[in-house]
Amino acid sequence: MTKETFKMSKLPAELLTTGQYVIEKATELIVERNGKFGRFGGKFVPETLVACLNHLEAEFNKALRDQLFQAELGAALRDFAGRETPLYHAERLSEHYKSKNNGKGPDIYLKREDLNHSGSNKMNNVLAQAMIAKRMGRKSIITSTGSGQHGLATAAACAKLALECTVFMAAKDMDRQFSNVRLMKLLGAQVECVNGSMKDAASEAFRCWVGDLENSYHLTGSAVGPHPCPTMVREFQSVIGKETRMQAWEKWGGKPDVLVACVGTGSNALGLFHEFIPDRDVRLIGVEAAGFGLESGKHSSTLARGEVGVYHGAMSYLLQDEDGQIIGPHSIAAGMEYPGVGPELSFLKESGRAEFCVATDQEALDAYERLCELEGIFPSLEAAHALAILDKLVPTLCDGSKVVVNCSGRGDKDAAIVFNRGLFDGQ
C-alpha cells in the first residue's frame, strides 16, 4: 500500500480547549464533507462500492428518523440484549487505591457492558445493523472478528432475525478464543479460518461482501472503514454514554469526572465518550495495548506510535513502516490486535479533546486478577487494559472524584490465556 505523507496542521487554540467546538465541527464535517472528522475518515474505495455505501448511508439515515424502527430497536436492546446495563460502584477496588493514599482518592464505577447478552458491548451495534440489513432485503450477513465477541453477537442477532451468518476469523484467534468459536457455530454461524491476524480476517470479509453486493450485508463491529461505517457503529454504541450520563445523575447528582475505556479500533471507547464530548469538564482517556512495551515493537498502540495513512477505506492513524507497509500489531487481547484506529478517535487525538495512554500485556493481566479478587468480576483482557491504567491515573485525581471505566466485555473467553500465563497458582 502506498504511504501518503501528511503534516500536522496547526489547530486553533479553541479547538484544544473547547469540547463544544469539537463536536460541532465534527458534526458539520460529517454532513458537508462525506463523513470526515477533520482530515480523517472518508471513502477511499473503488468506484463500484461508492453506490453501495451511499445506499447504506441513506438507509442508516432513514432508520434514525423512523420512529417504528427506533421503537423496535429499543425493545430488542431491552428484551434481547438486556439493556440498560448497570453503573456499578466498585467499592473494594476504590478502597484498594484509597488505602495507598491515607483513605483518600476517587470513587471508581464500572459500566457493566459485560452483562449484555453475548458478553460485551458488541450487541448494541450488531442488533441495529442486522435490523437495517433486513430492512434492505439482505439475506446474508458477513463479518469478521478478533476476540470473537463481535462474531458471537452477530451470530446471536442473525439467529434471532433468521439471517445467514458468515464470520471470518484469524487462525490464531480461533485457537486462543475457541470458546467463542464453538458458541458461534452453535448459533448457526459459518466460521471461516483466515491465515494472519484480525486485519487479514477483516480484509477477507470485505472481499466476500464485494463478491455478492446484492444479497449480502457487511456488518462491521469496529468504528473503522469507509463512511458511513464508523459513524453507524459509534451511533449505535452511544447508548453506553447516554445511559452513563443518566445513571451518574441518579447516583450522585452530577457527571463523571473521568471516563476510561480500552482502545482497539474504538467502538466501546466512542460508545462511552461520544455523549460527553461537549462536556469540557469530563476527561476522556483511551488506553491502547502496549504489548511487550512500546520499545519492543510488539504492540498495538496506533495512536501512541502510528502515523496518518489510508487503510480499509478510511484515513486514520496506522502502524506502518517507512514504505507505508502495515506493521503487524501485537496484544494479549485479541480484540485490540489491529494496526489502525477509527477516524473519530484519530480526530479526538489530534484535536486534544481526548487523552490516550498505553498498558502492557502484563499490566492488563495484573488488572484482570485484581478485579477478580476484589470485585468478583472477571473482565475481558480488552477491558483489563482500561482497568490497568488506574494504577497511574488514580494518584493524580482529587479525593471524591468520579471515575467510570467501561467494562466492555466478559472475561471467561480469556480464562485459558490467563491460566496459561501462570497468573493463578490455584492456591
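Residues numbered from 1 in each chain as written. Predicted model: local features only at pLDDT ≥ 70, side-chain atom pairs only at ≥ 80, totals over all residues. Heavy atoms only, no water.

1. Some thoughts on helix α12 (residues 239–252)
Note the following rule: A run of DSSP states H or I qualifies as a helix once it reaches four residues; a run of E qualifies as a strand once it reaches two. Both are numbered from the N-terminal end. Multiply 1.5 Å by the residue count of a helix minus one, and that product is the helix's expected span. Three labels apply to residues, based on accessible area from a 1.4 Å probe with only protein chains included: buried if under 20% of the type maximum, exposed if over 50%, partly exposed otherwise in between. Contact between two residues is taken to exist if any of their heavy atoms lie within 4.5 Å; hydrogens are not considered.
In this model, α12 (14 residues) spans 20 Å end to end at C-alpha, consistent with the 20 Å of a helix rising 1.5 Å per residue. Among all positions in α12, only Val239, Ile240, Gly241, Glu243, Thr244, Gln247 and Ala248 are buried. For α12, the elements touching its buried residues are β3 (87–89), β4 (107–112), α6 (122–135), α11 (229–237), α13 (267–273) and β14 (402–407).

2. Re the side chain of His227
Just so we agree on the cut-off: Any pair of nitrogen or oxygen atoms within 3.5 Å is treated as a polar contact; in protein, a donor-acceptor pairing is required on top of that, and neighbouring residues in sequence qualify only through side-chain atoms on both sides.
Mapped onto the elements, His227 comes out in the loop between β8 (216–218) and α11. Only 3.0 Å separates the side chain of His227 from the side chain of Glu57, close enough to count as a polar contact.

3. Quick word on the packing of aromatic side chains
Both the distance between ring centres and the angle between the ring planes are used here to describe each pair of aromatic rings. The line we're drawing: Two rings from Phe, Tyr or Trp (for Trp, the six-membered ring) form a pair when their centres are within 6.5 Å of each other. A pair whose planes differ by under 30 degrees is stacked, one over 60 is edge-to-face, and the rest are tilted.
On inspection of all chains with the given rule, the structure shows 5 aromatic pairs. Taking the centre distance of 4.7 Å and the plane angle of 45 degrees together, the rings of Tyr109 and Trp252 count as tilted. Of the two residues, Tyr109 is situated in strand β4 and Trp252 in helix α12; the sequence distance between them amounts to 143 residues. Under the relative-accessibility criterion, Tyr109 is labelled buried at 7%.

4. A word on the pattern of salt bridges
Threshold: Any Lys or Arg side-chain nitrogen found within 4 Å of a carboxyl oxygen on Asp or Glu counts as a salt bridge.
Counted under the stated rule, the structure contains 29 salt bridges. Between Lys413 and Asp414 there is a salt bridge, with the nearest N and O atoms lying 2.9 Å from each other. Since its relative accessible area comes to 3%, Lys413 is described here as buried. Taking relative accessible area as the criterion, Asp414 reaches 0% and is therefore assigned buried. Overlapping salt bridges bring together Arg245, Lys255, Glu275, Asp279 and Asp281 as one network.

5. Side note on the sheet that holds β3
Applied cut-off: Two strands are counted as paired when DSSP detects at least two bridges linking them. Orientation is described by axes fitted as lines to C-alpha atoms, over the contacting stretch for helices, and by angles from 0 to 180 degrees between their N-to-C directions.
Reading across from one edge, β3-β4-β14-β9-β10-β13 is the order of the 6 strands in this open sheet, with mixed pairing throughout. Two strands lie at the open edges of the sheet, namely β3 and β13 (355–360), each paired on one side alone. Adjacent strand axes in the sheet meet at a mean angle of 30 degrees, parallel and antiparallel pairs treated alike. As paired elements, strand β9 (residues 258–262) and β14 share 3 bridges and run parallel to each other. Residue pairing for β14: Leu259 is matched across the bridge by Val404. Taken strand by strand, helix α17 (residues 381–388) contacts β4, β9, β10 (283–291), β13 and β14, and its axis lies near 145 degrees from that of β9.

6. Describing the packing of helix α3 (residues 47–65) against α11
Our working rule: Angular relationships are summarised with four words: roughly parallel below 35 degrees, roughly antiparallel beyond 145, roughly perpendicular across 65 to 115, and oblique for the angles in between. By definition, any crossing whose near helix is turned counterclockwise from its far helix by less than a right angle is left-handed, and any crossing with a clockwise turn is right-handed.
Where α3 contacts α11, the axes come no closer than 11 Å and their chain directions differ by 20 degrees. What the angle tells us is that α3 and α11 run roughly parallel. For the element pair α3 and α11, the recorded crossing hand is left-handed. Here α3 contributes Leu56, Phe60 and Leu64 to the contact with α11, which in turn contributes Thr231, Met232, Glu235 and Phe236.

7. Quick word on unusual backbone geometry
Note on backbone geometry: most residues besides glycine have negative phi, and most peptide bonds are trans. Omega for the bond connecting Arg83 with Glu84 falls within 30 degrees of zero, at 5 degrees, which places this linkage in the cis form. Tracing the backbone shows Glu84 in the loop between α4 (67–81) and β3. Within the chain, Ala162 stands out as a residue other than glycine whose phi angle is a positive 60 degrees. Not every positive phi belongs to a glycine, and His312 is a case in point at roughly 50 degrees. Within the fold, His312 resides in the loop between β11 (307–311) and β12 (314–318). Given the relative accessible area of 25%, His312 is considered partly exposed.

8. Examining the confidence of the model for the protein chain
We count it as follows: Values of pLDDT, the confidence the predictor places in each residue, fall between 0 and 100.
Here the protein chain shows a mean pLDDT of 90. Residues at 70 or above account for 91%. Long-range and interchain partners of residues 1–32, a stretch whose pLDDT sits below 50, account for 64 contacts in this model, where long-range means more than four residues apart.

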